[in-house]
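One letter stands for each residue in the lines below.
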Amino acid sequence: MSFSFGKELSAAEVDYCCSGCRAVAGVEGAERERGTAASSLLRLGLAIFFTMNVMVFTMALWSQDVYPAQSFTSALAVSLRGVFRWASLVFALPVLWLLGGPIVKGVWQALRRGAITTDLLILLGVSAAYGYSVISVLRGSGHVYFEVGSMVLVFVSLGRWLEAKGKRRTGESLDALANLLPATVRRLDTHGNFLEKPREQVLTGDVLRVLPGERFPVDGLIAAGEASVDEQMVTGESNPIEKSSGDTVLSGTLNVDGDLRIEVTAADGRETVSRLIELVRTARSAKGRQEQLADRIAAWFVPTVCILAVAAGWHQGQTGGFDQGILTGLAVVLIACPCALGLATPMAVWTALGRAAECGVLFRSGKVMQQLASIDFACFDKTGTLTRGSPAVGRLLVTDPQQFQQMVDVAATVAAGSTHHLSQAILDFAGKHGSESQAAERSSVDTIPGKGLRGEVSTLGSVFIGSHRLMDESQLSWPAELAAKLTEYEDAQQVFVGWDGQVRGAFCFVEEIRSEATEAIEACRRLRLELRVLTGDRAGRAAVIGQHFTVATKSEQLPDDKVAAIEALARQGSVAMVGDGLNDAPALAAATVGVALGCGADVSRDAAGVCLLSNDLRRFPWAVGLARMTGRVVKQNLFWAFTYNCVGIALAATGRLNPIWAALAMAVSSLLVVTNSLRLSHYPESLSAAVDTATNVPDEAPQSLLSSGSAPAMSPTRNLAATPS
Amino acid sequence: MIELPLVFVGGLLGSAHCIGMCGPLAISLSAGAPAGVSHLRRQLVYSLGRVFTYGFCGAAAGFGGAWLSTGSRGFVWSQAWLAILAGVVLLLMGLVTLGLVPKPATRLLARFPCGTATWLKTFLTSGGWTGPLLAGVFTGFIPCGLVYAFLLKAGSSGSVWLGWLTMAAFGLGTIPLMVLVGGGSRFLSVMGRSRLLQIAAWCIVLTGAISIARGATQLNSTSLAATAPCPLCQPE
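What counts and how
- Residues numbered from 1 in each chain as written.
- Chains lettered and ligands numbered in written order.
- Predicted model: local features only at pLDDT ≥ 70, side-chain atom pairs only at ≥ 80, totals over all residues.
- Helix = DSSP H or I, 4+ residues; strand = E, 2+ residues; numbered from the N terminus.
- Buried ≥ 20, exposed ≤ 12 C-beta atoms within 10 Å, placed from the backbone.
- Contact = placed C-beta atoms within 7 Å.
- Core = buried A, V, L, I, M, F, W, Y, C linked by C-beta atoms within 7 Å.
- Pairing = 2+ DSSP bridges.
- pLDDT = per-residue confidence, 0-100.
- Axes fitted to C-alpha atoms, helices over the stretch in contact; angles between N-to-C directions.
- Parallel < 35°, antiparallel > 145°, perpendicular 65-115°, else oblique.
- Left-handed = near helix turned anticlockwise from the far one by under 90°.
- Nonpolar A, V, L, I, M, F, W, Y, C, P; charged D, E, K, R; others polar.
- Expected span 1.5 Å × (residues − 1).
- Arc of directions from axis to C-beta.

1. Considering the overall build of chain B
- Scanning chain B from N- to C-terminus turns up eight helices and zero strands.
- N-terminal to C-terminal, the α/β element order of chain B is α-α-α-α-α-α-α-α.
- When each of the 236 residues of chain B is scored for burial, the buried share is 47%.

2. Details of the overall build of chain A
- The helix and strand tally for chain A stands at 26 helices and 22 strands.
- Across chain A, every contact between residues at least 6 apart in sequence was considered, and the portion connecting residues at least 24 apart equals 68%.

3. Re the nonpolar core
Residues and elements named next belong to chain A.
- In this structure, Val152, Val332, Val333, Leu334, Ile335, Ala663 and Met666 are the most contacted members of the largest nonpolar core, which totals 125 residues.
- Per element, the largest residue contribution to this core is 14 residues, and it comes from helix H2 (residues 34-66).
- In this structure, Val273, Cys359, Tyr644 and Leu680 belong to the second largest nonpolar core, which totals 102 residues.

4. Comments concerning the sheet that holds strand E8 (residues 254-255) of chain A
Residue and element names in this part refer to chain A.
- The strand order E6-E5-E8 describes an open sheet built from three strands, whose pairing is antiparallel. The open sheet terminates on both sides in strands that have one partner only, identified here as strand E6 (241-243) and E8.
- Looking at chain direction, strand E5 (residues 227-230) and E8 are connected through two bridges and run antiparallel. Note on E8: the bridge partner recorded for Val229 is Asn255.

5. Considering unusual backbone geometry
All names here are of chain A.
- Phi is positive for Gln475, close to 55 degrees, though the residue is something other than glycine.
- Turning to its location among the elements, Gln475 is positioned in the loop between helix H17 (468-473) and helix H18 (480-488).
- Of note in this structure, Glu556 is not a glycine but carries a positive phi near 50 degrees.
- Along the chain, Glu556 turns up in the loop between strand E19 (552-554) and helix H21 (559-570).

6. Considerations on the confidence of the model for chain B
Residue and element names in this part refer to chain B.
- On average, chain B scores 71 in pLDDT, and the residues at 70 or more come to 62%.
- The element-level mean pLDDT for chain B is lowest in helix H4 (residues 112-125), coming to 60, with helix H2 (residues 39-71) highest at 84.
- Every residue in residues 105-115 is under pLDDT 50, and counting partners more than four places away or in other chains gives six contacts.
- With a pTM of 0.66, the predicted complex shows an ipTM of 0.71.

7. Focus on the confidence of the model for chain A
All names here are of chain A.
- In this model, chain A carries an average pLDDT of 78, and 82% of its residues clear a pLDDT of 70 or more.
- With pLDDT under 50 throughout, residues 27-34 is counted as low confidence; its partners more than four residues away or in other chains account for 16 contacts.
- Below pLDDT 50 for its whole length, residues 697-725 participates in 38 contacts with residues either more than four positions away or in separate chains.

8. A closer look at the environment of Gly394(A)
Residue and element names in this part refer to chain A.
- Of note, Gly394 is situated in strand E12 (residues 387-398).
- Gly394 gets classed as partly exposed once you count the C-beta atoms within 10 Å, which come to 16.
- In the structure, Gly394 is positioned 35 residues away from Phe429 in sequence and 8.7 Å away in space, judged by C-alpha atoms.
- Excluding residues within four positions of it along the chain, Gly394 makes contact with Ala492, Cys508, Phe509 and Val510.

9. Description of the packing of helix H15 (residues 404-415) of chain A against helix H16 (residues 421-432) of chain A
Residues and elements named next belong to chain A.
- Interaxial distance between H15 and H16 falls to 9 Å at its minimum, and their mutual angle equals 140 degrees. Here H16 runs oblique to H15, going by the angle between their axes. For the pair H15 and H16, the sense of crossing is left-handed. For the pair H15 and H16, the contacting residues are Val408, Ala411, Ala412 and Ala415 in the first and Ser423, Ile426, Leu427 and Ala430 in the second.
- Its residues assigned to classes, the contact of H15 with H16 shows seven nonpolar, one polar and no charged.

10. Describing the pairing of strand E2 (residues 194-198) of chain A
Residues and elements named next belong to chain A.
- Burial runs low along E2: only zero of the five residues are buried.
- Two elements, strand E1 (residues 184-188) and E2, share five bridges in a ladder whose sense is antiparallel. Looking at the pairing, Leu188 lines up with Phe194 of E2.
- Between E1 and E2, which pair antiparallel and follow one another directly, the connecting turn spans five residues, one of which, Gly192, has a positive phi of 85 degrees.

11. What to know about H16(A)
All names here are of chain A.
- Between its terminal C-alpha atoms H16 stretches 17 Å, which fits the 16 Å expected from twelve residues at 1.5 Å a residue.
- What H16 keeps buried is the set Leu422, Ser423, Ala425, Ile426, Phe429 and Ala430. Angular distribution of buried residues about the axis of H16 spans 160 degrees; they occupy a single face of the element. Opposite the packed face of H16, turned more than 90 degrees from it, sit the exposed residues His421 and Lys432.
- Positive backbone phi, at 70 degrees, marks Gly434, one or two positions downstream of H16.

12. Notes on the packing of helix H11 (residues 322-336) of chain A against helix H24 (residues 659-678) of chain A
Residues and elements named next belong to chain A.
- Running from amino to carboxyl end, H11 crosses H24 at an angle of 10 degrees, the nearest separation of the two axes being 8 Å. If you check the angle between H11 and H24, you find them roughly parallel. Along its contact with H11, which presents Leu327, Leu330, Ala331, Leu334 and Ile335, the element H24 presents Pro659, Ala662, Ala663, Ala665 and Met666.
- The residue makeup of the contact of H11 with H24, split by class, is ten nonpolar, no polar and no charged.

13. Regarding the sheet that holds strand E9 (residues 260-266) of chain A
Residues and elements named next belong to chain A.
- Spatially, six strands are ordered E2-E1-E3-E9-E4-E7 in an open sheet, and the strand pairing comes out antiparallel. On the outer flanks of this sheet lie E2 and strand E7 (248-249), each paired with one strand and no other.
- As judged from the two bridges shared by E1 and strand E3 (residues 207-210), these two strands associate in the antiparallel manner. Opposite Arg187, over in E3, you have Leu208 as the bridge partner.

14. Here's the deal with helix H5 (residues 130-139) of chain B
- Of all ten residues that make up H5(B), nine are buried, and the element is covered over most of its length.
- When we look at burial in H5(B), the residues that qualify are Gly131(B), Pro132(B), Leu133(B), Leu134(B), Ala135(B), Gly136(B), Val137(B), Phe138(B) and Thr139(B).

15. Looking at the environment of Trp97(A)
- With respect to the helices and strands, Trp97(A) occurs in helix H4 (residues 75-112).
- Between the C-alpha atoms of Trp97(A) and Arg43(A), which are 54 residues apart in sequence, the distance is 9.8 Å.

16. Notes on the environment of Val563(A)
Residues and elements named next belong to chain A.
- Inspection of the secondary structure assignment puts Val563 in helix H21.
- The class for Val563 is buried, based on 20 C-beta atoms found within 10 Å.
- For the pair Val563 and Leu588, spaced 25 residues apart in sequence, the C-alpha separation works out to 8.4 Å.
- Residues in contact with Val563, not counting those within four places in the same chain, are Pro586, Ala587 and Ala590.

17. Comments concerning the pairing of strand E16 (residues 493-499) of chain A
Residues and elements named next belong to chain A.
- Along E16, five of the seven residues are buried, which leaves the element largely enclosed by surrounding structure.
- Pairing between strand E15 (residues 461-466) and E16: four bridges, direction antiparallel. Looking at the pairing, Gly466 lines up with Phe496 of E16.
- With seven bridges joining them, E16 and strand E17 (residues 502-513) adopt antiparallel strand pairing. Paired with Val495 across the two strands is Phe507, which belongs to E17.
- Hairpin connection of E16 to E17: two residues between the antiparallel strands, including Asp500 at a positive phi of 55 degrees.

Okay, structure coming up:
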C-alpha cells in the first residue's frame, strides 16, 4: 500500500502547487517503480558532474581576473580564455537539459491552469543567464554566467529532492503500519481447500485460515479454533487475550498460538488498520489555521515577488547593465521562493501526526493538534478514566471474624456461576485469599436478574449473594454488628452474602485507580494544566478520588451538567475533556478538544478530536507535550522562513546577492525546515522524557530519568532523543 | 613542481589507508554490478570519477589560494604560509601514520559513509558507465584527512592549474590499489599493507618537508624584495 498524494494518478497527470510536490509524487510513485527514483537521482548526479566541470573552467577564467596583468600579456593566455569559455558552454548545456526539463514541465502545467509560479520566474532567469552567456561566447566578448545558470539549477533541484525525501519520511510510520498486514491470505474455496490469494481479493463473508504467529489480515469473527491474541498494536494492551469461536479479531493483531478459521467481517480497505491509516491521512489533509494563513500569504506572495524581481532587475539593469539586471531579478526570485514558508507547517504537523499514530494516539486533524497545544484546563471523567471501569473488592465485612475464610470460599463457589463483573471481582478477591471454589457445585447457581445470585451449597443450603433488596426479599435478618460496620462504608458499592436466615457479611467494592493515573496527573501539572474531575458518582466516592490526586472534583454530574461545567470553564480558557468516550460523548463534544481513551477496539468511533488507542492515561499528557512541541517547531519554521525571505529579498533586490548564493540559501532553508520538522519523529515515547522535551525544564531532568526507568510499560529504548535541549 | 611524483607516490601507497573507507564502496561496486559487465572497466570508471572530483577540489583550492594571496598581497605572503601550513599538516599526517606522533583522539566523521550509503547505492548498483562514474564523483567528496592535507598543498600552489595537477596526481596514484581491491584481490596481507603504509607515510613526510622548505624559501626571497611589510608588524 502506498500513500501517494496523487492517489492512483502518475506524477505527470496531476497538477501540483510547486515542483517540490511533483518531486514528492515522483518519489512516492517510485515506491512502485524503483527505476524512476534511481533515474532522477542519476539525472541530478550527472548534472552535478557537469556543473563541477563548468566550475573548473569558470575558476580558470576567474583566476585570469585575479592575475589580470599576467593573463592578458601572452597570446596563449588569451586563446586559453576562449577555450575555457567554450568549454563551460559545452558542459553547461547538458545541465539545462537534465534539470531544466522537469521544471519546464511543471511550469507548463501551471500555465495551462492559468497559474504563475516562482518556478516560471526561476526558469526565465536561468534561461536569460544562459542566453546572455551563449551570445557572449559566440561574440567572443562580454561576461559568461554559465556557472550561475547551472549552479542555480543544481541547488534548486537538490533542494526539491531533499524536500521530497523529507516529505516522504513523514509518511514512513504509516507505511510501517500498513506493511504489518500480510500480503496474501489462505482463503477457503468452494471445494473446501485453502488457497493463497492476495489480501485485496478477500470479500466479506469469506473464510480464511490464520496460522500461529501470523497477523490477522482483515477484521473477522473466529469461526473455529481458539488462540491467544496479542492486540498491543491496536489497543496497547500488552497481555495476550484468549479468544475463541464467535470472538472478534482485528486486522494487524497477532495470532499467538492458534490455528484459526475466521469469517471476514471487514475486508481489505475497511478493516481496522486501513481505517486507522485513513484517519491519519484525513487528519493530514485537513488544513490547520496556520496552514491556511501560510496559504493566504503564499497567494499574494508570488505575484508580489514577481513584481519585485522585475522592478529590482530593471533598476539594477539601468545602472549595472543588462546582465546585472538579469542576475538581480534571478536572485530575488530564488531567495523569495516560498518553499520553506509552504513547508513550515505541514512538514511539522505531518511528522507529529505520524509519530502520534505510531505511539497509539490519533488526532482527527492538525487543527486539533494546534488546539490541544493551547489548552489551559483538563477535565477528567472518573469511572473508566482515572479508575478502571470494573470495581475491585476493597473490604469484606463479616459478622463473625472466624467465618472470614468460610465466607470467601462460599462466595467464590457461588460467584463462579456468574459472569457479572462484580462476581468476577469477588472471584479475584477469593483468588488472592487462597480460596478454591468447588467446581462440582457450580451448576446449581441461579441468577436473579438485577438482584443477585442464589446457589445451593451442600453444607449450608441456599446461599444468596446480591443487593440489599435480595436479602430483604429472601427474608434474611440483619445482625446489629454488621449494620454498624456498614455505615462506615456507605459510600462504597456493597454486595451482601447470607444463608440460613441471616445476612452473614458484605463485600464493599472500591474503584481501582489506574496504576498510571498518578504519573499522568503529575505530568499534567508539569505541563501547567489546571485539572478538574467531573463525575456522575456520589460526592463521597468522588471526594476520595479528589483527595488522592489533590484535584478539584465535581460530583453527581449528569451529562448535561458536565457540558455546563465545561462551558463555564471554556469562558476562562481552552478545555480538554478526557473520558472513555462512551457515556461522555456530549462532554467530549462540548470541550475545545475531546480526548477518548481506549478506542483501539473501534478506531473510527466518531467520539473525539483525539483518540488514545490504549487505556493508558499517560498518553494524554504525552499528546499535549507533542502538540506543544509541534507548535514550537512550527513557530520556529515560520520564523526562520519569514526572516530568511525578508532579509534575503532586501539583499537580493539591492544587487548584493549572487544568484548562486541565493539558490544555495534556498536549498539550505528548505533543508533546515525539513530537518527541524523531522525532529518530531524522534519525540520520546516515554512520558517523562516527552514532558521534559516539551517543557524544556533542565533542572527536573535527573528526577525524570529515574521515573522513566520505573515505567517499563513504555519502551525505554526509544528515549535516546529525550535529552532536554 | 618537484613534488608531483612524490604526491603521486603518496597517493599510490597512501591508498592502503583509503581501503578502510573507500574500499567497501569499491567492493560493493563490483558486488552490485549487473551480470556480464567488465569489473575492471567499472572500477576504472569509478576511479576516474574520484580523480575528477579530486581535480575539481584541487582547482578550487588553487583558485582559493590565488584569491587569498592576491587579496592579501602587500602585507602577508599567504602563498608561502599556505605552503608551510600544508607542509606541517602533511608532515603530521605522515608521522601519525608512522606511529611517531600519537593519533588525535577524535575520529572525525567516522560514521559518515553510513549516511551516504543509501543513495550512493543507487549509483553503485546501476548499470552503464554513468552509475560508477557518479559513484566515484561523490565518493571523492567523502571526508578524508589525506585528501585534505593534499588539498592544502594544492591551495598553496596558488594556481588553478597547478592545484588541479596536484590533486589529479594524487588521485591517479590511488587508482591501482583501489582497482585491485575492488576487483576482489586479496593480494595484500596485513603485513604487506602495513609495510606499504610505512613507505607511503615517509613519502608524505617528505612531501610535507619539501613544501615547508619551499614556503620558507619563498618567505625569505619575498622578504628581501621590496614588498610592503605587514602593517600589524610595523614598529610604529
